[in-house]
Amino acid sequence: MRLGVLDIGSNTVHLLLVDAHPGARPVAFASHKRPLSLVQFLDADGNINDAGQHELIEFVLEAWEFAARHKAEDLLAFCTSAIREATNGMEVLARVKHETTVTLQELTGSEEASMTFFAVRRWYGWGAGPILDLDIGGGSFEMAFGQDELPELAVSVPLGASRLTRDWLHNDPPTAKSVKELRKYIRHTLKPVVREFKQLGRANLVAGTSKTFRSLARIAGAAPSGAGPYVKRELHATDLGLWAQRISAMTVEDRLYLPGVSDARAAQILAGALVAEAALELFEFPSMEICPWALREGLILRRLDQLIFDGPLAPAPHVGLGGAVPVPRLGANTGKAAPAAVSIPIPIAGRQAN
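In this text, all values refer to a predicted model and were calculated from it rather than measured experimentally.

Parameters at a glance
- Residues numbered from 1 in each chain as written.
- Predicted model: local features only at pLDDT ≥ 70, side-chain atom pairs only at ≥ 80, totals over all residues.
- Heavy atoms only, no water.
- Helix = DSSP H or I, 4+ residues; strand = E, 2+ residues; numbered from the N terminus.
- Buried < 20%, exposed > 50% of the residue type's maximum accessible area, 1.4 Å probe, protein only.
- Contact = heavy atoms within 4.5 Å.
- Areas by Shrake-Rupley, 256 points an atom, 1.4 Å probe, with all protein chains shown as cover.
- Core = buried A, V, L, I, M, F, W, Y, C linked by side-chain atoms within 4.5 Å.
- Pairing = 2+ DSSP bridges.
- Expected span 1.5 Å × (residues − 1).
- Arc of directions from axis to C-beta.
- Phe/Tyr/Trp six-rings, centres within 6.5 Å; stacked < 30°, edge-to-face > 60°.
- Axes fitted to C-alpha atoms, helices over the stretch in contact; angles between N-to-C directions.
- Parallel < 35°, antiparallel > 145°, perpendicular 65-115°, else oblique.
- Nonpolar A, V, L, I, M, F, W, Y, C, P; charged D, E, K, R; others polar.

1. Overview of the overall build of the protein
When helices and strands are counted, the protein shows 11 helices and 14 strands. Within the protein, buried positions represent 57% of all 354 residues. Sequence-distant contacts in the protein: of pairs separated by 6 or more residues, those separated by 24 or more amount to 71%. Approximately 14,900 Å² of the protein is accessible, and the part contributed by carbon and sulfur atoms is 53%.

2. Thoughts on the nonpolar core
Core analysis: the largest hydrophobic core is formed by 51 residues, its most contacted members being Leu 134, Phe 141, Met 143 and Leu 190. Counting residues per element, this core draws most heavily on helix α10 (residues 269-283), which supplies 12 residues. The contact partners of Phe 141, leaving out residues within four places of it in the chain, are Leu 134, Asp 135, Ile 136, Val 155, Ser 156, Val 157, Leu 159, Gly 160, Leu 190, Val 275 and Ala 279.

3. As for the sheet that holds strand β4 (residues 74-79)
Across a sheet, strands are paired by hydrogen bonds formed along the backbone, either parallel or antiparallel in direction. A sheet is described by the order of its strands in space; here five strands give the open sequence β3-β2-β1-β4-β5, paired in mixed fashion. With one partner strand each, in any of the chains shown, β3 (27-35) and β5 (105-106) form the two edges of the open sheet.

4. Remarks on helix α3 (residues 89-100)
The end-to-end C-alpha separation of α3 is 16 Å, in line with the 16 Å expected for 12 residues at 1.5 Å each. The set of residues buried in α3 consists of Gly 89, Val 92, Leu 93, Val 96 and Thr 100. The buried side chains of α3 occupy one side of the element, clustering within an arc of 100° when seen end-on. Looking at α3, the residues exposed on the side facing more than 90 degrees away from the buried face are Met 90, Glu 91 and His 98. Turning to α3, the residues buried within the fold contact α1 (50-69), β4, α2 (81-84) and β5.

5. Some points on the packing of aromatic side chains
Applying the stated criterion to the full structure yields four aromatic pairs. Arranged with centres 5.7 Å apart and planes meeting at 10°, the rings of Trp 123 and Tyr 230 form a pair that is stacked. Separated by 107 residues along the polypeptide, Trp 123 in helix α4 (residues 109-124) and Tyr 230 in the loop between α7 (211-219) and β10 (234-236) bring together distant segments of the chain. Looking at Tyr 230, the relative accessible area reads 60%, which means it is exposed. Site record: aromatic cluster; members linked through ring pairs are Trp 123, Tyr 230 and Trp 293.

6. Some thoughts on the packing of α7 against α10
Their axes nearest at 10 Å, the elements α7 and α10 cross at an angle of 90°. Accordingly, the angle class assigned to the pair α7 and α10 is roughly perpendicular. Contacts between α7 and α10 pair Thr 212, Phe 213, Ser 215, Leu 216 and Ile 219 from the former with Ile 269, Gly 272, Ala 273 and Ala 276 from the latter. Counted by class, the contact of α7 with α10 contains six nonpolar, three polar and no charged residues.

7. Quick look at unusual backbone geometry
The omega torsion across Asp 172 and Pro 173 is 0°, close enough to zero to call that bond cis. Within the fold, Pro 173 resides in the loop between α5 (161-168) and α6 (176-198). At Thr 101, a residue that is not glycine, the phi angle is positive and equals roughly 70°. Among the secondary structure elements, Thr 101 is positioned in the loop between α3 and β5.

8. What to know about the pairing of β4
Note on strand geometry: in a regular strand, side chains alternate between the two faces of the sheet. Among the six residues of β4, six are classified as buried, and the element is accordingly described as predominantly covered. Neither face of β4 is open: one carries Asp 74, Leu 76 and Phe 78, the other Leu 75, Ala 77 and Cys 79, and all of them are buried. In terms of strand pairing, strand β1 (residues 2-8) meets β4 through six bridges, oriented parallel. The residue bridging Asp 7 from the neighbouring strand is Phe 78, located in β4. As defined by bridge partners, β4 adjoins β5 across two bridges and the pair is classed as parallel. Residue pairing in the sheet places Phe 78 in a bridge with Gln 105 of β5.

Here it is as structure tokens:
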């Protein structure tokens, strides 16, 4: 089957189409994305303004048409912290549904962390033992730990790279004082959370699952994305500390010359490096592995798992604690919405924290 996953993130809006069947790894068929930092469209009251809503709706329509044109059979559509934490987030979701017919499922931070952890577990397998997963987004930082497919503890904190850059790093390059104050704030936010994780035991593996971690690893010498997903990529705390110091002295324009840094992420790579550095230090790990699978893959794999038990016409599983949310099903041949909708409830095991 061909499955579409529409991801409305804090930095990028992305539609991924994959071909897969139950028991097989999902293979990317096509992708359509654009940089869209919704946090840059927030007004003084925390609302996403009309310009930001227009950009979002325009992309959702593009994504819908793209998926229909390529004969996607299902569409899982979700949004994360940018809309979740906006003051008018519910109004934005209602407007998107009204103008596009697409229902965006709003994931909580713990749901986001749990499904990302699920993807990491599937990538590394049971032999990895207890896993700690870290994921730095634009608006939030997710952490999850566990020995099973779903985590024992899943936590989200407001330490996204775009958010921190907007709130703390106003100069280009940033002042030494602002960097020092941001480091202090990050550690102050993480310390009580890390204590809670440490009560559960120590991980055998620490995985990083976001574009920020991939970029930082590339800067520190890891293989480029063109080398493929099966090349082992690591990020060491010593390298991270060195590069965080170097990047703090660079302008945004200078950062564009670093390997793995795009226009959309050049401004926020320093904030991401400071969060990553603090996390490895507080969790007391000298390094981490970069996992190529993350939230999108987690949602895809849960959907495929459901097909094994219930067949292709059954509701798809999705992250969620509070019931199913309908997501339009695409007609395979016509590109029009079919009469039925796909519901996507996803269970989360263990404890969560927000």
